Amino acid sequence: MAVYVGRWDCTSCGNIGNLGPNLHCEKCGSPRPENVKFYMASDQEVLDKKKIAQAKAGSDWVCAFCNSQNHATQNTCNSCGASKNDSEKKLKEKDYNINDIPTNSQKTPTYSPPKKSLKKSKLKIGCLYLPALIVSLSIIFLILTFAFTTPIKVEVVGTHWERKIEIERYLLLTENGWSIPPGGQLISQHKAIHHYNQIQTGTVTKTRNIHVKVGTETYVCGKRDLGNGYFEDRYCTRDIYETRTETYEEPVYKQIPVYKTEYTYKIWRWKKANPLKEKGNDFKPKWPVISGNKIRAIDSIEKYSI
Ligand SMILES: [Zn+2]
Ligand SMILES: [Zn+2]
């Protein structure tokens, strides 16, 4: 597992890039801040065995008495000499995905809410008042118009009427079917294809590509901030697939027609026909006349216009 040296920025003097494991700023000597953010400035691997051992010893601990940070290998506080056993607080380890590894201290910019413009709010009020003004002026105009309107005499000079009846006629029809309904009179009959039956006649050999899991592999999927100024590679595993060609048998089918007797017959049925209409320009509307027993009304519609 490859190990890397992290960096941190001093919040007291602004010095950028103090070496991760350093407990004090290289420029001003201030202690490493409690909320220190380690980042990776380069991918250069640590090869020194002593440093690797330090990286793997665990995260740094924070003294319960003076708040100083100490390496995991130290059993007493650097600053006040208190025992490591009396302190429970440690710097946290953090896992990063390959695209999220910090490369600088990434200080989040302080948020400042946008200033409200006075001009804009005045404009808004104007926008609200203008439609209200138009509406009230329109109402006043309408009231004045009605108040001064004199009644007009209306004389009807013509009219138009239309009356329509939707009808059905009783007709002798020729139809085809697999059976003769009640009242039908047979004309002729013949054999016809009613449906097909699917029968398997054999198989055909075909090939297809399939993905087969052939094993797993381990790969570097990110970095771990070890909480002591060092980073190390994070490993993940994934399945390895291979594309293989396999042969398989596909069934072959044949369509076998099934015949039945089809009948041609005559039958009396009610069928929708052209509607009957009457129209005129007088004041005496009348309905179209329906006569005979082979015709019947199903709906009636009337229209008038002046
Ligand atoms: Zn500093
Ligand atoms: Zn201490």
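Residues numbered from 1 in each chain as written. Chains lettered and ligands numbered in written order. Predicted model: local features only at pLDDT ≥ 70, side-chain atom pairs only at ≥ 80, totals over all residues. Heavy atoms only, no water.

## A few points about the packing of aromatic side chains
Here is step 1 of the chain: Under the counting rule described, the total for this entry stands at two aromatic pairs.
Here is step 2 of the chain: Residues Y170 and W268 carry aromatic rings whose centres are separated by 5.4 Å and whose planes lie at 20 degrees to one another, so their mutual orientation is stacked. Highlighted residues: Y170 in strand β7 (residues 160-177) and W268 in strand β9 (residues 230-280), separated in sequence by 98 residues.
Here is step 3 of the chain: A residue is classified by how much of its surface remains accessible, and Y170, at 30% relative accessible area, is partly exposed.
Here is step 4 of the chain: Relative to W270, the ring of Y170 lies with its centre 4.9 Å away and its plane at 40 degrees, an arrangement referred to as tilted. Taken as a pair, Y170 in strand β7 and W270 in strand β9 lie far apart in primary sequence, 100 residues in all.
Here is step 5 of the chain: Directly above the ring of Y248 sits R208, whose terminal nitrogen or CZ lies 3.9 Å from the centroid. (Phe/Tyr/Trp six-rings, centres within 6.5 Å; stacked < 30°, edge-to-face > 60°. Helix = DSSP H or I, 4+ residues; strand = E, 2+ residues; numbered from the N terminus. Buried < 20%, exposed > 50% of the residue type's maximum accessible area, 1.4 Å probe, protein only. Lys NZ or Arg CZ within 6 Å of the ring centre and 35° of its normal.)

## Looking at helix α1 (residues 49-56)
Here is step 1 of the chain: For α1, the capping residue at the N-terminal end is D48, with a side-chain oxygen 3.0 Å from the backbone nitrogen of K50.
Here is step 2 of the chain: Of the residues flanking the end of α1, it is G58, one or two places downstream, whose phi is positive at about 125 degrees. (Polar contact = N/O pair within 3.5 Å; in protein donor to acceptor, adjacent residues only side chain to side chain.)

## A few points about the side chain of S105
Here is step 1 of the chain: Examined against the element boundaries, S105 turns out to sit in the loop between β6 (94-97) and α2 (118-147).
Here is step 2 of the chain: Judged by relative accessible area, which is 15%, S105 ranks as buried.
Here is step 3 of the chain: Within the structure, S105 has its side chain in polar contact with the side chain of D9 (distance 2.7 Å).
Here is step 4 of the chain: For S105, the contacting residues outside a window of four places in its chain are D9, K37 and Y39. (Contact = heavy atoms within 4.5 Å.)

## Overview of the coordination of the zinc ion (ligand 2)
Here is step 1 of the chain: Within the protein, C63 (SG), C66 (SG), C77 (SG) and C80 (SG) serve as the donor atoms for the zinc ion (ligand 2), at 2.2 to 2.4 Å.
Here is step 2 of the chain: Coordination at the zinc ion (ligand 2) is tetrahedral, judged from the four donor atoms that bind it and the angles of 102 to 118 degrees they form at the metal.
Here is step 3 of the chain: Taken in chain order, the donor set of the zinc ion (ligand 2) reads C-x2-C-x10-C-x2-C. Taken together, the residues C63 in the loop between β4 (61-62) and β5 (69-70) and C77 in the loop between β5 and β6 connect sequence positions 14 residues apart.
Here is step 4 of the chain: Under the relative-accessibility criterion, C63 is labelled buried at 1%. (Donors = N, O, S within 2.8 Å, 3.2 Å for Na, K, Ca; no water. Tetrahedral: all angles 85-135°; square planar, octahedral: opposite > 155°, others 65-115°.)

## Digging into the coordination of the zinc ion (ligand 1)
Here is step 1 of the chain: Protein-derived coordination of the zinc ion (ligand 1) comes from C10 (SG), C13 (SG), C25 (SG) and C28 (SG), at a distance range of 2.3 to 2.4 Å.
Here is step 2 of the chain: Angles of 107 to 114 degrees at the metal separate the four donor atoms of the zinc ion (ligand 1), which places the site in the tetrahedral class.
Here is step 3 of the chain: Positions of the donor residues of the zinc ion (ligand 1) along the chain correspond to the pattern C-x2-C-x11-C-x2-C. A residue pair is termed long-range when its members are at least 10 positions apart, and C13 in the loop between β2 (7-8) and β3 (18-19) and C28 in the loop between β3 and α1 qualify at 15 residues.
Here is step 4 of the chain: Its relative accessible area of 37% is what places C28 among the partly exposed residues.

## Some words on the pairing of β9
Here is step 1 of the chain: Here strand β1 (residues 3-5) pairs with β9 via three bridges, running antiparallel. Bridge assignment links V5 to a residue of β9, and that residue is Y230.
Here is step 2 of the chain: Where β7 and β9 come together, 16 bridges link them in antiparallel fashion. For E162, the partnering residue across the bridge sits in β9 and is K279.
Here is step 3 of the chain: The antiparallel hairpin formed by strand β8 (residues 185-225) and β9 contains four residues in its connecting segment, where G227 sits at a positive phi of about 75 degrees. (Pairing = 2+ DSSP bridges.)

## Structural notes on the pairing of β7
Here is step 1 of the chain: In the sheet, β7 pairs with strand β10 (residues 295-305) via 10 bridges, with the strands oriented antiparallel. From the neighbouring strand, K164 faces β10, where its bridge partner is I301.

## Focus: unusual backbone geometry
Here is step 1 of the chain: Although it is not a glycine, N67 adopts a positive phi angle of roughly 70 degrees.
Here is step 2 of the chain: By relative accessible area, N67 is classed as partly exposed at 46%.

## Observations concerning the pattern of salt bridges
Here is step 1 of the chain: For the coordinates displayed, the defined rule picks out 15 salt bridges.
Here is step 2 of the chain: We note a salt bridge from D95 to R234, for which the minimum N-O separation is 3.8 Å. Taken together, the positions of D95 in strand β6 and R234 in strand β9 put the pair 139 residues apart, joining distant regions of the chain.
Here is step 3 of the chain: For D95, a relative accessible area of 43% puts it in the partly exposed group.
Here is step 4 of the chain: Residue classification places R234 among the buried positions, given a relative accessible area of 15%.
Here is step 5 of the chain: A salt bridge links E246 to R208; its shortest N-O distance comes to 2.8 Å. Taken as a pair, E246 in strand β9 and R208 in strand β8 lie far apart in primary sequence, 38 residues in all.
Here is step 6 of the chain: With relative accessibility at 27%, the residue E246 sits in the partly exposed group.
Here is step 7 of the chain: For R208, a relative accessible area of 39% puts it in the partly exposed group.
Here is step 8 of the chain: One network of salt bridges, in which partners are shared, links K56, D95, R224, E232 and R234. (Salt bridge = Lys/Arg side-chain N within 4 Å of Asp/Glu carboxyl O.)

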